[in-house]
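Each chain, written out:
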Amino acid sequence: MTTFNNVVGHEKIIEHFQNAVRLDKISHAYILSGEDGAGKSLLAHLFSMTLQCEKKGISPCGECTLCRQAESHNQPDIIWVTHEKPGSIGVEDIRAQVVGDMQMKPYHSPYKIYIIDEAEKLTVQAQNTLLKTIEEPPEYGIVIFLTTNADGFLPTILSRCVVLQLKPATNEAVARYLVETVQIPDYKARLCAAFAQGNVGKAVRYASKESFDEMRQHVFQLLKNISDMQESRIYETVGELTAYKENINDYLDLMLLWFRDVLIFKVTKDANSMVLREELAGISGRAARSSYEGLEEIIVAIDRARTRLRANVSFELVMELLLFTIKEN
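Residues numbered from 1 in each chain as written. Predicted model: local features only at pLDDT ≥ 70, side-chain atom pairs only at ≥ 80, totals over all residues. Heavy atoms only, no water.

Trainee: Explanation requested: the pairing of strand E2 (residues 78-81) in the structure shown.
Mentor: Walk down a regular strand and you will see the side chains alternate between the two sheet faces. Pairing between E2 and strand E3 (residues 112-116): four bridges, direction parallel. Looking at E3, one finds that Ile79 is bridged to Tyr114. Traced from E2 through helix H4 (residues 91-99) to E3, the parallel crossover comes out right-handed. (Pairing = 2+ DSSP bridges. Helix = DSSP H or I, 4+ residues; strand = E, 2+ residues; numbered from the N terminus. Right-handed = clockwise from strand over helix to strand, strands pointing away.)

So, in structure tokens, the structure goes:
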């Protein structure tokens, strides 16, 4: 059974929810804002379970009928709002699934809870349709918006909601979760956690993707050998990089992570401060060969390459310039 103990990070939000339950100060509208994979759906699910739980505690008991129904997503008074159009949530979706439905009392629970995922897709008309419901809800009605961008809501909606911003979890907490739950080696867990920048959902996806492992190996092999590459081999490598064109931002992020560790080792000579400790031989060799100015130029070049690619500059030309900059510094 999932509990708040399964959540990585977000202690302040959990504390807010539990205090609201303890003090019986439940809002009728919440906005959970954070990037995809940050844990919005899990927090909304656990808060909803807690509110409906027959034992009335600050966490779901996991044993009562209502908790078991919610865990299997069969709780009739916890409604996950769906929408027909992929790009927007329109007036008809909101009228049918929220406004009209909320007029009927809960079936078996103290509350009727409506969870609107991807709420940044709500049209202005749909938000205006929701406004009266949020302003004058029935005592049992609660709406939880899950969004990647709370700034997209009308001011009238924002002013009537409790807005909770999800913050990244620590790399250590994410890595520990990956080792214990996904059961991957510590080295891979540290890499995925650092790469995901505190986003547990992203870290789990990276840990589970064979293509990420292949990309990682390609990046690190390239960076370890590029100083000794002939010009012709660099042009061949640019051709190989087209296989990663769709995920080039991830590829560049791995490069940045590698050179971040090069800088850290150059300054501290301490492998324990690095994320990529298993790459110590290649990283320490690069740290010895490169100056601080050269490493700074490489890091700037990686960011410049990303900017140029966004501007639709030729992929091959951008990557050639980047690889020759890395080789020369």
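Trainee: Whenever I open this one, the nonpolar core confuses me. Can you help?
Mentor: A general tendency of soluble globular proteins is for nonpolar side chains to be buried together. Membership of the largest hydrophobic core comes to 60 residues, with the highest contact counts inside it found for Tyr251, Met255, Phe259, Leu276, Met319 and Leu322. Counting residues per element, this core draws most heavily on helix H12 (residues 248-268), which supplies 11 residues. Apart from residues lying up to four places away in sequence, Leu276 is in contact with Tyr187, Leu191, Phe220, Leu257, Trp258, Asp261 and Ile283. Formed by 31 residues, the second largest nonpolar core is a distinct cluster that contains Tyr30, Leu43, Ile115 and Ile144. (Core = buried A, V, L, I, M, F, W, Y, C linked by side-chain atoms within 4.5 Å. Buried < 20%, exposed > 50% of the residue type's maximum accessible area, 1.4 Å probe, protein only. Contact = heavy atoms within 4.5 Å.)

Trainee: What am I meant to see in the sheet that holds E2 here?
Mentor: The strands making up a sheet are joined through hydrogen bonds of the backbone, oriented either antiparallel or parallel. An order of E2-E3-E4-E1-E5 is seen for the five strands of this open sheet, with the pairing classed as parallel. The strands lining the two open edges of the sheet, one partner per strand, are E2 and strand E5 (162-165). Strand-to-strand twist in this sheet, taken as the mean axis angle between neighbours without regard to direction, amounts to 20°. With five bridges connecting them, strand E1 (residues 29-33) and strand E4 (residues 141-147) associate as parallel partners. If you follow Ser33 over to E4, its bridge partner there is Thr147. (Axes fitted to C-alpha atoms, helices over the stretch in contact; angles between N-to-C directions.)

Trainee: Just checking my understanding: could you explain the pattern of salt bridges for this structure?
Mentor: Close approach of charged atoms allows side chains of opposite charge to pair. Enumeration over the complete set of coordinates arrives at 16 salt bridges. One salt bridge connects Arg233 with Glu240, and the closest N-O pair in it is separated by 3.0 Å. For Glu240, a relative accessible area of 32% puts it in the partly exposed group. Connected through shared salt-bridge partners, Asp186, Arg190 and Glu278 make up one network. (Salt bridge = Lys/Arg side-chain N within 4 Å of Asp/Glu carboxyl O.)

Trainee: Can you help me understand helix H5 (residues 124-135) in this one?
Mentor: Since one α-helical turn is 3.6 residues long, residues separated by three or four positions face the same way. Between its terminal C-alpha atoms H5 stretches 16 Å, which fits the 16 Å expected from 12 residues at 1.5 Å a residue. Of all the positions in H5, only Ala126, Gln127, Thr129, Leu130, Leu131, Thr133 and Ile134 are classed as buried. Buried residues belonging to H5 abut E1, H4, E3, E4 and helix H6 (155-158). (Expected span 1.5 Å × (residues − 1).)

Trainee: I keep staring at the layout of surface pockets and nothing clicks. Help me out?
Mentor: Taken as a whole, the largest pocket holds about 400 Å³ of empty space. Residue lining of the largest pocket: 21 residues in total, with Ala194, Phe195, Ala196, Gln197 and Gly198 positioned closest to the centre. Where the lining of the largest pocket is concerned, the elements lending two or more residues are helix H8 (186-196), helix H9 (200-208) and H12. The leading source of residues in the lining of the largest pocket is H12, at five residues. Within the lining of the largest pocket, the residues separate by chemical class into 10 nonpolar, five polar and six charged. (1 Å grid on protein atoms, 1.4 Å probe; cavity = no way out; pocket = protein on both sides within 12 Å on 5 of 7 lines; lining within 4 Å. Points joined across faces, edges and corners; volume = space filled by probe spheres on them. Nonpolar A, V, L, I, M, F, W, Y, C, P; charged D, E, K, R; others polar.)

Trainee: How should I be thinking about empty space enclosed by the protein in this particular structure?
Mentor: Where empty space is left becomes clear once a probe the size of a water molecule has been rolled over the atoms. If you walk through the whole model with that rule in mind, you get one cavity of 30 Å³ or more. If you add up the space inside the largest cavity, you get close to 30 Å³. Lining the largest cavity are Lys209, Ser211, Phe212, Met215, Asn247 and Asp250. If one sorts the elements of the lining of the largest cavity by residue count, helix H10 (residues 210-225) sits on top with three residues. Residue composition of the lining of the largest cavity, grouped by class: two nonpolar, two polar and two charged.

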